[in-house]
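Results of the structural survey
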Amino acid sequence: MKGRVLTFYLCDCLYGLDISKVKEISRHADFTPVPDAPEHIAGLLNMRGKIVTLFDLAKLLGHPPADGIRRTACIILKNTEDEPDYAGLLIDRPDSVIDIEEAFCERPQDHLENHSGCIREVVKLKDRLLMIIDPGCIYQAG
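In what follows, the accompanying structure is described.

Each value, and the rule that gives it
Residues numbered from 1 in each chain as written. Predicted model: local features only at pLDDT ≥ 70, side-chain atom pairs only at ≥ 80, totals over all residues. Heavy atoms only, no water. Disulfide = S-S within 2.5 Å. Helix = DSSP H or I, 4+ residues; strand = E, 2+ residues; numbered from the N terminus. Patch = residues over 30% accessible without salt bridge, like charges linked within 9 Å, V, L, I, M, F, W, Y side chains within 5 Å. Areas by Shrake-Rupley, 256 points an atom, 1.4 Å probe, with all protein chains shown as cover. Salt bridge = Lys/Arg side-chain N within 4 Å of Asp/Glu carboxyl O. Lys, Arg positive; Asp, Glu negative; His and termini not counted. Charge placed at Lys NZ, Arg CZ, Asp CG, Glu CD. Pairing = 2+ DSSP bridges.

1. A short note on the state of the cysteines
- Enumeration according to the criterion identifies one disulfide in this entry.
- Each disulfide pairs two cysteine sulfurs, and for C118 the partner residue is C137, the sulfurs being separated by 2.0 Å. Taking the sign of the torsion about the S-S bond as the criterion, the disulfide between C118 and C137, at about 110°, is right-handed. Note that C118 is positioned in the loop between helix 2 (110-113) and strand 11 (119-124) and C137 in helix 3 (residues 135-141), a separation of 19 residues in sequence.
- We note that C11 lacks a disulfide partner, and the nearest cysteine sulfur, in C13, lies 6.8 Å from it.

2. Some remarks on a negative patch on the surface
- Taken together, E81, D82, E83 and D85 make up a surface patch of like negative charges.
- Mapping D85 onto the fold places it in the loop between strand 7 (73-77) and strand 8 (86-91).

3. With respect to the sheet that holds strand 7
- Strand order in the open sheet formed by six strands is 3-7-8-6-5-4, and the pairing between neighbours is mixed. Of all strands in the sheet, those with a lone pairing partner are strand 3 (22-26) and strand 4 (31-32), marking the two edges.
- Of the pairings in the sheet, the one linking strand 3 to strand 7 comprises four bridges and is antiparallel in character. Bridged to V22 within strand 7 is L77.

4. So, the sheet that holds strand 10 (residues 105-106)
- Strands sit in the order 9-1-2-12-11-10 across an open sheet of six strands; the sheet is mixed. One side of each edge strand has no neighbouring strand; the edge strands of this open sheet are strand 9 (93-100) and strand 10.
- With two bridges connecting them, strand 10 and strand 11 associate as antiparallel partners. By the bridge assignment, E106 is partnered in strand 11 with V122.

Structure (structure tokens):
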């Protein structure tokens, strides 16, 4: 991947999303839980009259439950012709927007691809690794 990435923290890990897939960021999303929804669906959010399904990205990626932490920051993904419904991701906190060069990206190793299927690439930054989320896996999980 080459381009701009929105980075964010989740469970002390650094993740990223292609900025062209992001509609907006909310630091305090007030959402409504949905009874009997799958575990990875946190609830629904009213975004200025548009209903957004909020995904608990930590659960989707297989992070262990965080005791007493209620995530309220979220990233809303842009909708598309193929995915007309809005989707959002609960995160711990947004970080920054950075430019990514393809030379520093690698596909996840086979055992990671099969784990959740949500990690599209791993980027080698100066002092850490950045895992790029595939937005397509979010829609498939819904």
